[in-house]
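Each chain is listed here by its residues.
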Amino acid sequence: MTSGENPSITFSLLSENLDQNYPGALHVDLKYTLTEANELQLEYKATTTEDTVINLTHHSYFNLNGHDSTVLDQEMTIVSDKFLETNSENIPTGKFTAVSGHDFDFRTAKNCPASIDNSFVIEPSNEVVATLYSSKTKLKMSVYTDQPSVHIYVGGNCFDTLKGKENTNYHPSSGICFETQNFPDAPNQEHFPNSVLRKGEEYHQKTIYKFENVI
């Protein structure tokens, strides 16, 4: 843990060999940094003692209106022209669905849907891959990542039964997730990006959430 400017904290996890049937002892470090530029940076690193499958992400919920409101009146953009097609069990089929003419075309700003659980294909870069904006608070969150996909999730299983901050009942539209990651089910789809971490190599990914006031 560091303090002062750009304070950070690193959490570590050791997943033992054959934990959940995955080969190799996997050591993971996740460093959270708050920067002077109003950014939340997430930096992942991992090593393994045997070749293994890896796809790390997180499931943080965001709500720019505050924890006791809804995200459904907030606008989202995603710089993506296709998302992964899935079957009835929400497992990728290996095919892609074009966003053109689809309700999930977020290339221009659109209100967050009440229910979404889909992975959008993005080009990893130093540019913004997704945004969230609240006209109520004038807050904007921009997402940057080096991963090939951002999984968007709204509709959590809270159902007004999960108590949160200030004893608030959280509901399915209390927050939205921007889960930056590799394509789900990549090990079973030859044309998906590689998801195997080799012994002796280091896994690394970085995601940034930048916050700013937009007048």
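The structure we're discussing is the one just above.
A short tour of the structure in this document, coming up. Remember, predicted model here, so these are calculated numbers, not experimental data. (Residues numbered from 1 in each chain as written. Predicted model: local features only at pLDDT ≥ 70, side-chain atom pairs only at ≥ 80, totals over all residues. Heavy atoms only, no water.)

1. With respect to the environment of Asn 63
Inspection of the secondary structure puts Asn 63 in the loop between strand 4 (52–53) and strand 5 (75–78). Separated by 47 residues in sequence, Asn 63 and Lys 110 place their C-alpha atoms 15 Å apart. Those residues within four positions of Asn 63 in sequence are excluded, and the remaining contacts are Ser 69, Thr 70, Val 71, Gln 74 and Ser 174. Looking at Asn 63, its side chain comes within polar contact range of the main-chain oxygen of Gly 66, at 3.2 Å. Side-chain polar atoms of Asn 63 contact the side chain of Gln 74, separated by 2.8 Å. (Helix = DSSP H or I, 4+ residues; strand = E, 2+ residues; numbered from the N terminus. Contact = heavy atoms within 4.5 Å. Polar contact = N/O pair within 3.5 Å; in protein donor to acceptor, adjacent residues only side chain to side chain.)

2. Considering the sheet that holds strand 3 (residues 39–48)
With antiparallel pairing, the 8 strands of this open sheet are ordered in space as 1-2-3-17-11-10-5-8. Of all strands in the sheet, those with a lone pairing partner are strand 1 (8–15) and strand 8 (110–111), marking the two edges. As defined by bridge partners, strand 11 (residues 139–145) adjoins strand 17 (residues 203–213) across 7 bridges and the pair is classed as antiparallel. Looking at the pairing, Met 141 lines up with Phe 211 of strand 17. (Pairing = 2+ DSSP bridges.)

3. With respect to the packing of aromatic side chains
Scanning the entire structure with this criterion turns up 12 aromatic pairs. Ring geometry for Tyr 61 versus Tyr 153: centroids 6.5 Å apart, planes at 55°, classification tilted. Of this pair, Tyr 61 sits in the loop between strand 4 and strand 5 while Tyr 153 is found in strand 12 (residues 149–154), placing the two residues 92 residues apart along the sequence. Plain terms: the ring middles of Phe 83 and Phe 120 are 5.5 Å apart, the flat faces sit at 50° to each other, and that makes the pair tilted. With Phe 83 in strand 6 (residues 82–86) and Phe 120 in strand 9 (residues 116–121), the pair connects residues that are 37 residues apart, well separated along the chain. Like Phe 83, the residue Phe 120 is buried in the burial classification. Linked through ring pairs, Phe 83, Phe 104, Phe 106 and Phe 120 together constitute an aromatic cluster. Positioned above the aromatic ring of Phe 96 is the side chain of Lys 82, whose terminal nitrogen or guanidinium carbon lies 4.8 Å from the ring centre. One Lys or Arg, Lys 110, reaches over the ring of Phe 106 and ends 5.4 Å from the middle of that ring. (Phe/Tyr/Trp six-rings, centres within 6.5 Å; stacked < 30°, edge-to-face > 60°. Buried < 20%, exposed > 50% of the residue type's maximum accessible area, 1.4 Å probe, protein only. Lys NZ or Arg CZ within 6 Å of the ring centre and 35° of its normal.)

4. Observations regarding the nonpolar core
Core analysis: the biggest nonpolar cluster contains 34 residues, and Met 76, Phe 120, Leu 132, Ile 152, Ile 176 and Phe 178 have the highest contact counts within it. Secondary-structure elements contributing two or more residues to this core are strand 2 (26–34), strand 3, strand 5, strand 9, strand 10 (125–134), strand 11, strand 12 and strand 17. In contact with Phe 120, not counting residues within four places along its chain, are Ile 78, Ser 80, Lys 82, Phe 83, Val 99, Phe 104, Phe 106, Pro 148, Ser 149, Val 150 and Ile 152. Counting 5 residues, the second largest nonpolar core, distinct from the first, contains Val 121, Phe 183, Ala 186 and Phe 192. (Core = buried A, V, L, I, M, F, W, Y, C linked by side-chain atoms within 4.5 Å.)

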